[in-house]
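Summary of the model geometry
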Amino acid sequence: MNTDIENIADQLMVNNRNDETIAPKYPVKSMILQLIKQLQQTLFPGYFETGCLQNRTMKYRLHSLLDEISSELAEQVYLALQFSPQYQSCEPETVKHASHEISLQFLSRLPVVKEYLETDVEAAYSGDPAAFNKSEIIISYPGIYAVMVYRLAHELHLLSVPLIPRIMTEHAKSVTGIDIHPGAVIGKYFFIDHGTGVVIGGTTIIGDHVKIYQGVTLGALSTSGGQKLKNVKRHPTICDHVTIYSGASILGGETVIGENAVVGGNAFVIASVPENTKVSIKTPELRYKNGSSPARNAPPPPEDWFYMI
Amino acid sequence: MNTDIENIADQLMVNNRNDETIAPKYPVKSMILQLIKQLQQTLFPGYFETGCLQNRTMKYRLHSLLDEISSELAEQVYLALQFSPQYQSCEPETVKHASHEISLQFLSRLPVVKEYLETDVEAAYSGDPAAFNKSEIIISYPGIYAVMVYRLAHELHLLSVPLIPRIMTEHAKSVTGIDIHPGAVIGKYFFIDHGTGVVIGGTTIIGDHVKIYQGVTLGALSTSGGQKLKNVKRHPTICDHVTIYSGASILGGETVIGENAVVGGNAFVIASVPENTKVSIKTPELRYKNGSSPARNAPPPPEDWFYMI
Amino acid sequence: MNTDIENIADQLMVNNRNDETIAPKYPVKSMILQLIKQLQQTLFPGYFETGCLQNRTMKYRLHSLLDEISSELAEQVYLALQFSPQYQSCEPETVKHASHEISLQFLSRLPVVKEYLETDVEAAYSGDPAAFNKSEIIISYPGIYAVMVYRLAHELHLLSVPLIPRIMTEHAKSVTGIDIHPGAVIGKYFFIDHGTGVVIGGTTIIGDHVKIYQGVTLGALSTSGGQKLKNVKRHPTICDHVTIYSGASILGGETVIGENAVVGGNAFVIASVPENTKVSIKTPELRYKNGSSPARNAPPPPEDWFYMI
């Protein structure tokens, strides 16, 4: 039996991609998930504590949290920068210094991230009749969690940190079903309701006060070019005050949805939509059938009916 | 560096929503997830134990589990009741007493919840050709997990506990992709297959023997009224023995799907459907295209063909 | 209060399905999740370690991991085989021996599983413009994780182990939104992008170089026969080099998608598609409407336009 296992171990080593004497060390996912938790505590002080804190104590708590995050993040950034073309031939000391700088620059963006998130919570509360209060939204809404993780990952993406931003957003997708690429640019008052199946591509641009429902894709028309399309704008631009109902797909890098436009449920949009316009699919015809009578069509919906969910 | 972090901490405190001297303490998510695990063990004794139990021992195990749940739940309910309009101006002792009462009332409903869940397992087994046996369903089916958590959350919702029911169902959504609002009313023998993307709104009413597939939305026609729609019935009523195939959307508070009706895949239903009726969308036309010949339409499907998945 | 809890415990025992003196012990989910983690470490050595390993050390690490997996897996297989018709009347010693044999046979398949997974990573890298490098794919792509867990579960399925394969794939579904039944047969270079909502049924057959996007269902036309359909081929066959865009459903056990075919977004396919053919739905018509003008249709898309995402 032991010989068998030795053979298997040998075979699993044969194809090993790591040819270097010392295997590269990758950013550690469990540490990154820990960082997300700590960042959530700094962005919403008091909401994710297990103990009871006085507001005076809260500031010391925040301070020590930020200290911890600062050094842990620098460590993970250091591991990630090994994969950055910019740092690959640098001395370890240079990379270490850069990691600490990046970590601090990231932290200095937290107040702005918090400011944006406050507007997202506001949008969720005013947009969802089922919301009990803002605490419920902060503690339990998947849309807020996914957008928070995206906003944090986006800051690291802007600082050209490899690997970590994507590990963060893929984790948020795993938890929420909402898939936002760290490269997307998203304005204030952003609300995603339910959210399962939402995909927002890496070159998407979204304005302020945009509301999106479950199953919406902001995607590319085709990715059959593969790696050749890497830096091309492949995903749409959504202007301020747009609402996109569930199951809609908006595709293509030149597609612009104008201000105040509304995209109806399941609409499939591959061309720009002017401002103040409602786009919806033609009502899908239904066939009714029962035991005694043959299939018949449903009565047509009223003229001004608008397909939304 | 330390000065930087101090500045950041200060900025993160500025907008802090908690103006009170003592920050309010929220129900603790990790404790609520722990409660869900323990409740699962009481509802399906023996299935989620790591050690081997004799049936005689099982009863003592159940007893001690219920004891633990009782006090832990009371503690979380106490934290949640701070956000209840009814208890906001009460003495701590009154709230504490109410929390214990609510916790016990909840526990007294567990046998009924179990009775319902047994019928759900039965429905999953008889409805799914891929089911190996009932143990597989109890241990691994996401539909059973989501419905179990919903049934527990619904009982707390009926007892007017804020925050906790939604934390529970959002957790189940995170694990299963199935989003059932705690306010929905759902009968016996309920089966959700696959389930990713299912959304069941808070004022939905579902009868017995209903079967739902992945991607089904039981939703509102529009929520653009926001908080003003809070207590309005916005979601449909599904009668007994209805089957709803994948991707279908049934919308609106006055929409009633009659007994024994079948709603076909991707159907979009915004008006009531009579009993014993099959509703399906007109077969979507397909275009075929290959290198040598131009696009042509697919042959029409047979007349009596019914769109299901 | 204690009397109440005693009553509740009694009621929860009444319906207890376990009538035997000693309750059966089920495979333990937390152990199986632990096994998945360890197997991931053996398949991608170095990527999921928290410490820094030299390549020389890596081999010893692999060896000890495989040793651990071998005995832990045998233990879980032993628990699962109680539910296998083949072993139900066997002596414990016979079952124990079989469990160890199965565990070793499973491990001997790991190098093949690794070989397949290397091709899957290759396919993800060449197919996704957003992929930074292969490490990012291995560490963070949900498609790779779901396919890895499926490939492992499929090997246990081939060895007729009950319960464990499904627990594994349902866990992967929970993490990724991708639902692949362990019974499906899937070739090399398989890539699932985004993936939320993907359902691949238990009798599906998929060739090499197949690419699938989010929301694709490879399903049955109807499962209304329930348990009677248990061993019937209900799901489609997908040949080599097929691409299936998001939201498409391909249904039925006799449906074959020929080599090099492309199935467009949201297409609903219930009949075979010849090789080298593109199938797409007729462009969904859109209505545009704004304050001043009535609804009008969108301009028709160009003739050769192909519906993809």
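Residues numbered from 1 in each chain as written. Chains lettered and ligands numbered in written order. Predicted model: local features only at pLDDT ≥ 70, side-chain atom pairs only at ≥ 80, totals over all residues. Heavy atoms only, no water.

**Quick notes on the overall build of chain A**
- Helix and strand counts for chain A come out as 8 helices and 16 strands.
- Within chain A, the proportion of its 309 residues that are buried is 60%.
- A total of about 11700 Å² of accessible surface is found on chain A, and carbon and sulfur atoms cover 52% of it. (Helix = DSSP H or I, 4+ residues; strand = E, 2+ residues; numbered from the N terminus. Buried < 20%, exposed > 50% of the residue type's maximum accessible area, 1.4 Å probe, protein only. Areas by Shrake-Rupley, 256 points an atom, 1.4 Å probe, with all protein chains shown as cover.)

**Brief notes about unusual backbone geometry**
- We note that A:His194 has phi near 60°; this positive angle belongs to a residue other than glycine.
- In this structure A:His194 comes out as partly exposed when scored by relative accessible area, which is 22%.
- Despite not being glycine, B:Leu163 shows a phi value in the positive range, around 65°.
- Considering the arrangement of structural elements, one finds B:Leu163 in the loop between helix H7 (142-158) and helix H8 (164-176).
- Since its relative accessible area comes to 2%, B:Leu163 is described here as buried.

**So, the sheet that holds strand E7 (residues 217-219) of chain B**
Residue and element names in this part refer to chain B.
- Strand order across the open sheet formed by 5 strands is E1-E4-E7-E10-E13, with parallel pairing between neighbours. Of all strands in the sheet, those with a lone pairing partner are strand E1 (179-180) and strand E13 (268-269), marking the two edges.
- Of the pairings in the sheet, the one linking E1 to strand E4 (residues 199-200) comprises 2 bridges and is parallel in character. When the sheet's bridge partners are listed, Ile180 is paired in E4 with Ile200. (Pairing = 2+ DSSP bridges.)

**Some points on the pattern of salt bridges**
- The full count for this structure, using the stated rule, is 27 salt bridges over all chains.
- A:Lys188 is paired through a salt bridge with A:Glu115; the nearest N and O atoms lie 2.8 Å apart. Taken as a pair, A:Lys188 in the loop between strand E2 (185-186) and strand E3 (191-192) and A:Glu115 in helix H5 (residues 110-127) lie far apart in primary sequence, 73 residues in all.
- Assessed through its relative accessible area of 37%, A:Glu115 is described here as partly exposed.
- A single network of salt bridges, built from pairs that share partners, joins A:Glu136, B:Arg166 and B:Glu170. (Salt bridge = Lys/Arg side-chain N within 4 Å of Asp/Glu carboxyl O.)

**Some words on the packing of aromatic side chains**
- This model, assessed by the stated rule, comprises 12 aromatic pairs over all chains.
- With a centroid separation of 6.4 Å and 85° between ring planes, the pair formed by A:Phe44 and A:Tyr47 is classed as edge-to-face. The pair A:Phe44 / A:Tyr47 is uniform in exposure class, with both members buried.
- Seen in terms of ring centroids, B:Tyr47 and C:Tyr26 are 4.2 Å apart; in terms of plane orientation they differ by 15°. Their pairing is stacked. Here C:Tyr26 lies in the loop between helix H1 (2-14) and helix H2 (29-43) and B:Tyr47 lies in the loop between helix H2 (29-43) and helix H3 (55-81), a pairing that spans two chains. For the pair shown, B:Tyr47 and C:Tyr26 are each scored as buried.
- Over the aromatic face of B:Tyr116 sits the side chain of B:Lys188, whose NZ or CZ is 5.3 Å from the ring centroid.
- Taking NZ or CZ as reference, C:Lys96 lies 5.0 Å from the ring centre of C:Tyr78, over its face. (Phe/Tyr/Trp six-rings, centres within 6.5 Å; stacked < 30°, edge-to-face > 60°. Lys NZ or Arg CZ within 6 Å of the ring centre and 35° of its normal.)

**Considerations on helix H7 (residues 142-158) of chain A**
- Taking 1.5 Å of rise per residue, the 17 residues of H7(A) would be expected to cover 24 Å, and the 24 Å separating its terminal C-alpha atoms lies within 8% of that figure.
- Phi for A:Ser160, located one or two positions after H7(A), is positive at around 60°. (Expected span 1.5 Å × (residues − 1).)

**Some words on the packing of H2(B) against H8(B)**
Residue and element names in this part refer to chain B.
- Between H2 and H8, the least distance of the axes is 10 Å, while the angle of their chain directions is 70°. In terms of orientation, H2 lies roughly perpendicular with respect to H8. Counted together, Lys29, Ile32, Leu33 and Ile36 of H2 and Ile164, Ile167, Met168 and His171 of H8 form the full contact between these two elements.
- Within the contact of H2 with H8, the residues separate by chemical class into 6 nonpolar, 1 polar and 1 charged. (Axes fitted to C-alpha atoms, helices over the stretch in contact; angles between N-to-C directions. Parallel < 35°, antiparallel > 145°, perpendicular 65-115°, else oblique. Contact = heavy atoms within 4.5 Å. Nonpolar A, V, L, I, M, F, W, Y, C, P; charged D, E, K, R; others polar.)

**A few points about the domain arrangement of chain A**
Residue and element names in this part refer to chain A.
- The domains assigned to chain A are domain 1 (21-178) and domain 2 (184-309).
- Each partner contributes to the interface: domain 1 provides 19 residues, whereas domain 2 provides 16 residues.
- Carbon and sulfur atoms make up 60% of the surface buried where domain 1 meets domain 2, a total of about 1400 Å² over both sides.
- On the domain 1 side of the interface with domain 2, the three residues burying the most area are Thr119, Tyr150 and Ile178, jointly 30% of the side's total.
- Applying the counting criterion to the domain 1 and domain 2 interface returns 1 salt bridge.
- Of all the secondary-structure elements, those providing two or more residues to the side of domain 1 that touches domain 2 are H5 and H7.
- Sorting elements by how many residues they give to the side of domain 1 that touches domain 2 places H5 first, with 8 residues.
- Classifying every residue of the side of domain 1 that touches domain 2 gives 8 nonpolar, 6 polar and 5 charged. (Domains from an automatic or database assignment. Buried area = accessible area lost by both parts, 1.4 Å probe.)

**A look at the sheet that holds strand E5 (residues 205-206) of chain C**
Residue and element names in this part refer to chain C.
- Here 4 strands make up an open sheet; going across it, the order is E2-E5-E8-E11 and the pairing parallel. Every other strand in the sheet has two partners, leaving strand E2 (185-186) and strand E11 (256-257) as the edge strands with one partner each.
- Here E2 pairs with E5 via 2 bridges, running parallel. Looking at E5, one finds that Ile186 is bridged to Ile206.

**Considerations on empty space enclosed by the protein**
- Tallying each qualifying case throughout the model produces 16 cavities of 30 Å³ or more.
- By volume, the largest cavity amounts to about 310 Å³.
- Lining the largest cavity are 29 residues, with B:Asp128, B:Asp193, B:His194, C:Val199 and C:His235 sitting closest to its centre.
- Counting only elements with at least two residues in the lining of the largest cavity, the list comes to H7 of chain B together with helix H8 (164-176), strand E1 (179-180), strand E4 (199-200) and strand E7 (217-219) of chain C.
- Among the elements that line the lining of the largest cavity, the one with the most residues is H8(C), at 3 residues.
- Here the lining of the largest cavity is composed, by residue class, of 12 nonpolar, 11 polar and 6 charged. (1 Å grid on protein atoms, 1.4 Å probe; cavity = no way out; pocket = protein on both sides within 12 Å on 5 of 7 lines; lining within 4 Å. Points joined across faces, edges and corners; volume = space filled by probe spheres on them.)

**Structural notes on the environment of A:Leu156**
All names here are of chain A.
- Considering the arrangement of structural elements, one finds Leu156 in helix H7.
- On the basis of relative accessibility, which here comes to 1%, the residue Leu156 falls in the buried class.
- A sequence separation of 43 residues divides Leu156 from Val199, and the C-alpha atoms of the two residues are 20 Å apart.
- Beyond its immediate stretch of four places on either side in the chain, Leu156 contacts Leu73, Phe106, Val161, Ile164, Pro165 and Met168.

**Digging into helix H2 (residues 29-43) of chain A**
- Along its 15 residues, H2(A) runs 21 Å from first to last C-alpha, staying within 8% of the 21 Å computed at 1.5 Å per residue.
- Looking only at H2(A), the buried set comprises A:Ile32, A:Leu35, A:Ile36, A:Gln38, A:Leu39, A:Gln40, A:Gln41, A:Thr42 and A:Leu43.

**Side note on the pairing of strand E14 (residues 277-281) of chain A**
- Among the 5 residues in E14(A), 4 count as buried, and that is most of the element.
- Pairing of strand E12 (residues 262-263) of chain A with E14(A), which is carried by 2 bridges, proceeds in the parallel orientation. Note on E14(A): the bridge partner recorded for A:Val262 is A:Lys278.
- Inspection of the sheet shows E14(A) paired to strand E15 (residues 286-290) of chain C by 5 bridges, in the antiparallel sense. Bridging from a neighbouring strand, A:Thr277 pairs with C:Asn290 of E15(C).

**Looking at the side chain of B:Asp179**
- Among the secondary structure elements, B:Asp179 is positioned in strand E1.
- The buried charged residue B:Asp179 lacks any salt bridge partner; its closest oppositely charged side chain belongs to B:Lys173, at an N-O distance of 4.9 Å.
- With residues near it in sequence (within four places) discarded, B:Asp179 still touches A:His194, B:Glu170, B:Lys173, B:Val198, B:Val199 and B:Ile200. (Lys, Arg positive; Asp, Glu negative; His and termini not counted.)

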